Amino acid sequence: MSNKAYDTLKMIALIWTPISVFIVAVLSALAVPHLDVATAILAALDTLLGSLVEVLRRQYNNQNYIEVKG
């Protein structure tokens, strides 16, 4: 995976998805219907992206460690 793709995933996971959850929370306070579904989907998406970013980070670090050590 390219650095740009990794950086994009990381930005979505760490910045944009939490902002979306904040917006859903505000809309929930305004009693907009069906936000429980949106919240569940956003939380699941953020969890998935966070896991992918961590797996990719570990692969990258292990690859660089092998190259330096080898």
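Scroll up to find the structure this text is about.
Since the model is a prediction, treat every value here as computed from it, not as a measurement. (Residues numbered from 1 in each chain as written. Predicted model: local features only at pLDDT ≥ 70, side-chain atom pairs only at ≥ 80, totals over all residues. Heavy atoms only, no water.)

Asker: For this particular structure, what's the right way to read the pattern of salt bridges?
Answerer: Side chains carrying opposite charge are able to pair once their charged atoms draw close together. With the rule as written, the count across this model stands at 2 salt bridges. Taking the shortest distance from any N to any O, the salt bridge between E54 and R57 comes out at 2.6 Å. With E54 and R57 both in helix α2 (residues 35-69), this residue pair falls 3 residues apart, about one helical turn. Of the residues examined, E54 reaches a relative accessible area of 27% and is grouped as partly exposed. By relative accessible area, which is 33% here, R57 ends up partly exposed. (Salt bridge = Lys/Arg side-chain N within 4 Å of Asp/Glu carboxyl O. Helix = DSSP H or I, 4+ residues; strand = E, 2+ residues; numbered from the N terminus. Buried < 20%, exposed > 50% of the residue type's maximum accessible area, 1.4 Å probe, protein only.)

Asker: Whenever I open this one, the nonpolar core confuses me. Can you help?
Answerer: Looking at soluble globular proteins, one finds that nonpolar side chains tend to be buried together. If you look at the biggest cluster of nonpolar residues, it comprises 6 residues: Y6, L9, A13, L49, V53 and L56. Secondary-structure elements contributing two or more residues to this core are α1 (3-29) and α2. (Core = buried A, V, L, I, M, F, W, Y, C linked by side-chain atoms within 4.5 Å.)

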